[in-house]
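Working through the structure, step by step
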Amino acid sequence: IAIYPCRRVGAGTLNAGERHGVRAGAAALVDGDVFVGVVAPAVGNFSSTLIPATRLPRIGARLFPPQGSDPRSPASSYPGAVLKPTARGTWSAEVATAMELAPGMVARLADDRFGRAALGARIGVVVAGEPLEQAPLARRVEIRPITELESLASVILAVPEEVGR
């Protein structure tokens, strides 16, 4: 689905709408497994608006080593985080874990609101971290998006099936 940059800061217009099966809340992916945003609530007949992931108020994620996860370990064994947008176009998260958090770790989607097809999609990469004084095992990390909406010409929408269909 093609994206046309919109005059509203941080949104894109998709050239597909309700008549193409687009529904509000559908996850937008690129390169097979990179989460870049979600379809806004108001879906027109022939177009819709894409809200970039960096404009969402929060995103549930898990942080994985850059070399990938151990297939014998469940995803729940990796640190969870709630990503919150910053004014710099990145995310910030406070993560409580005994695991070492380092630049290069990959944030993957662990938020059920965006459908099963999007779970595990890459969101961003840890670029910095610092300890939190009030919690000895916690760190604040900054995560840079893997890709920016402005650099994209098209996305794939993961539209969940309707129940009862």
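We now turn to the structure provided with this report. (Residues numbered from 1 in each chain as written. Predicted model: local features only at pLDDT ≥ 70, side-chain atom pairs only at ≥ 80, totals over all residues. Heavy atoms only, no water.)

**Side note on the side chain of Thr54**
Residue placement: Thr54 occurs in the loop between strand E5 (48–52) and strand E6 (59–64). Using a relative accessible area of 15% as the deciding quantity, one classes Thr54 as buried. In contact with Thr54, not counting residues within four places along its chain, are Pro85, Gly89, Trp91 and Pro145. (Helix = DSSP H or I, 4+ residues; strand = E, 2+ residues; numbered from the N terminus. Buried < 20%, exposed > 50% of the residue type's maximum accessible area, 1.4 Å probe, protein only. Contact = heavy atoms within 4.5 Å.)

**Re the nonpolar core**
Phe35, Ile59, Leu63, Leu83 and Ile123 are the most contacted members of the largest nonpolar core, which totals 26 residues. Looking at this core, the elements that each hand over two or more residues are strand E3 (27–30), strand E4 (34–43), E6, strand E7 (80–85), strand E8 (91–96), strand E9 (106–109), strand E10 (122–132) and strand E11 (135–145). Setting aside residues no more than four positions away along its own chain, Phe35 makes contact with Ala27, Ala28, Leu29, Ala53, Leu56, Ile59, Leu109, Phe114, Ala121, Arg122 and Ile123. Core analysis: the second largest hydrophobic core is formed by 15 residues, Val43, Leu50, Leu152 and Val155 among them. (Core = buried A, V, L, I, M, F, W, Y, C linked by side-chain atoms within 4.5 Å.)

**A look at the environment of Asn15**
For Asn15, the position within the fold is in the loop between strand E2 (12–14) and E3. Judged by relative accessible area, which is 37%, Asn15 ranks as partly exposed. Sequence-wise, Asn15 and Asn45 are 30 residues apart; in three dimensions their C-alpha atoms are separated by 9.9 Å.

**Here we look at the pattern of salt bridges**
Scanning the entire structure with this criterion turns up seven salt bridges. Ionic pairing is found between Arg88 and Glu142, a salt bridge with its closest N-O pair at 3.2 Å. A residue pair is termed long-range when its members are at least 10 positions apart, and Arg88 in the loop between E7 and E8 and Glu142 in strand E11 qualify at 54 residues. Judged by relative accessible area, which is 59%, Arg88 ranks as exposed. (Salt bridge = Lys/Arg side-chain N within 4 Å of Asp/Glu carboxyl O.)

**Looking at the side chain of Asp111**
Inspection of the secondary structure puts Asp111 in the loop between E9 and E10. Classification of Asp111 as buried rests on a relative accessible area of 10%. Within the local environment of Asp111, its side chain forms a polar contact with the backbone nitrogen of Gly60, the two atoms lying 2.9 Å apart. Leaving out residues up to four positions away in the same chain, Asp111 has contacts with Arg58, Ile59, Gly60 and Leu119. (Polar contact = N/O pair within 3.5 Å; in protein donor to acceptor, adjacent residues only side chain to side chain.)

**Concerning the pairing of E3**
The alternating pattern of E3 places Ala27 and Leu29 on one face and Ala28 and Val30 on the opposite face, and all of these are buried. Looking at chain direction, E3 and E4 are connected through four bridges and run antiparallel. If you follow Leu29 over to E4, its bridge partner there is Phe35. Connecting E3 to the next strand, E4, in antiparallel fashion are three residues, including Asp31 with a positive phi near 50°. (Pairing = 2+ DSSP bridges.)

**Observations concerning the packing of aromatic side chains**
Scanning all chains against the criterion turns up two aromatic pairs. Residues Phe35 and Phe114 carry aromatic rings whose centres are separated by 5.1 Å and whose planes lie at 45° to one another, so their mutual orientation is tilted. A residue pair is termed long-range when its members are at least 10 positions apart, and Phe35 in strand E4 and Phe114 in the loop between E9 and E10 qualify at 79 residues. Across this residue pair, the class does not change: Phe35 and Phe114 are buried. With 4.6 Å between their ring centres and 40° between their planes, Phe64 and Tyr78 make a pair best called tilted. Taken as a pair, Phe64 in strand E6 and Tyr78 in the loop between E6 and E7 lie far apart in primary sequence, 14 residues in all. For Phe64, a relative accessible area of 10% corresponds to the buried category. Residue Tyr78 is classed as buried on the basis of its relative accessible area of 8%. (Phe/Tyr/Trp six-rings, centres within 6.5 Å; stacked < 30°, edge-to-face > 60°.)

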